[in-house]
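An overview of the molecular structure
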Amino acid sequence: MFVRSLLLLSVLQVTLGFVPASGRRSVFDTRIFAEDKEEPKSAGHDVRSSGAPMKVDPEEAKVQAAFAEHQQNAAKLGWATDVRTLVEYNHGFAVMSTISKSDPGFPGGSVVGFAPDEEGRPLFIFSGMSTHTQDILADPKCSVTIASKEFKGAADGRVNLMGTAKLVPADEREKCKEMYLKKHPGAFWVDFGDFNWFRMEIEKIRFVGGFARAGSVTPEEYNEAKPDPISAFGMQVAQHMNDDHQEATIAMIAGQIPGLEVTEAIITSVDALGMYVKVTRTPRASDQPQQFKLRLPFPRPAENRKDVKGIIVEMTQAAAKAE
């Protein structure tokens, strides 16, 4: 937890512009030492700046500290719930990587349609002629990389599921068809005789929820988790707020994080515990605007659409009183 907190603070320094772009290493530099000589490497983010230590404006330092503390304590869905939610409400397409039958030693990649079953296992309906079908019939090991529905870049969530894809028994195919058509109502090929049903049994899960939020979830944790119900319609709430009430979102941020003045606030997702917001601000003593994503928690868990609306109204009113 201590290491994760330091990593979060370091990434926030870069993201929020507390370290100028001209004086820092890449966030993704994994070298332990700065020397050019070959050194052991370790996974992680190196955000150390080169040269003399940077002097930070005292007021900017206060904003940095307030932001870091707020984000560390902001209520978030658990990782397993996050992953389960991402898979459930994805648009139904992913990148499947298989062990190539025709090109031994190379991975094969295909964009495929899928639908999760009740346990979150991906279901597929593949043509017998497809290369990925031939690959998994020869070797069922595969992985599926799924991005969140609102994915725009590295700050957004994605998950990699690894496991085996096997043919679904005949007595379970009608149920698979029903679930698949809920996600892909126009999939007329589900009745084609030369198409086959496959289901992926998940063995490993790697999750990236954005900067400084990455790790693994066990299949057992994933299986026990349930999709967040608010996320099913959360983007509709986000779109309404972005189109008509962006000033309210900006005010809510200012009310929760003293000194953090943003000029734009776009809600990217809404769940039972809060919202993720992509904001734009210009740091003190700088003329370069910065964009980053922050967590804006609800004061209590939301249970339904009406509750979400009521909570946002309460947060807006509280922010107005604090001005």
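Quick look at the structure, then. Residue positions are given per chain, counting from 1 as you read along its sequence in written order. Reporting of local features is limited, given that this is a predicted model, to residues whose pLDDT is at least 70; pairs of side-chain atoms are given and counted only at 80 or more, and all residues count toward the totals for whole chains, interfaces and linings. Only hydrogens and water are set aside; all other atoms, that is, all heavy atoms of the structure, feed into the side-chain values.

A word on the pattern of salt bridges
The term salt bridge refers to a side-chain nitrogen of Lys or Arg lying within 4 Å of a carboxyl oxygen of Asp or Glu. One pass over the full model with this rule turns up 15 salt bridges. Notably, a salt bridge pairs Lys293 with Asp156, separated by 2.3 Å at the nearest N-O pair. Of this pair, Lys293 sits in strand 13 (residues 290-297) while Asp156 sits in the loop between strand 7 (141-147) and strand 8 (158-167); the two residues are 137 residues apart in sequence, bridging distant segments of the chain. Each residue gets one of three labels from its accessible area relative to the maximum for its type: buried under 20%, exposed over 50%, partly exposed in between, using a 1.4 Å probe on protein chains only. Residue Lys293 is classed as partly exposed on the basis of its relative accessible area of 23%. Notably, a salt bridge pairs Arg300 with Glu314, separated by 2.9 Å at the nearest N-O pair. Helix numbering and strand numbering both begin at the N terminus, where a helix is a DSSP run of H or I of at least 4 residues and a strand a DSSP run of E of at least 2.

A closer look at the nonpolar core
Counting residues in hydrophobic clusters, the biggest one holds 31 residues, and the most contacted among them are Ile253, Met275 and Leu294. Counting residues per element, the ones that place at least two in this core are helix 2 (58-73), helix 7 (234-244), helix 8 (246-256), strand 11 (264-271), strand 12 (274-281), strand 13 and helix 9 (305-322). The leading source of residues in this core is helix 9, at 5 residues. Setting aside residues up to four positions removed in sequence, Leu294 forms contacts with Phe67, Gln71, Ile253, Ile257, Leu260, Met275, Tyr276, Val277 and Val279. Of all hydrophobic cores here, the second largest spans 25 residues; its members include Val87, Phe124, Leu161 and Tyr222. Here, nonpolar core refers to any group of buried Ala, Val, Leu, Ile, Met, Phe, Trp, Tyr and Cys residues whose side-chain atoms link them within 4.5 Å. Here, two residues are considered to be in contact whenever any of their heavy atoms come within 4.5 Å of each other.

Description of the pairing of strand 12
Burial runs high along strand 12: 7 of the 8 residues are buried. We call two strands paired when DSSP finds no fewer than two bridges between them. Two elements, strand 11 and strand 12, share 7 bridges in a ladder whose sense is antiparallel. Looking across to strand 12, one finds that Ile267 is bridged to Val277. Between the antiparallel neighbours strand 11 and strand 12 lie 2 residues. Bridge count for strand 12 against strand 13 is 8 bridges, and the pairing is antiparallel. Residue Lys278 lies in a different strand from strand 13, and its bridge partner there is Lys293.

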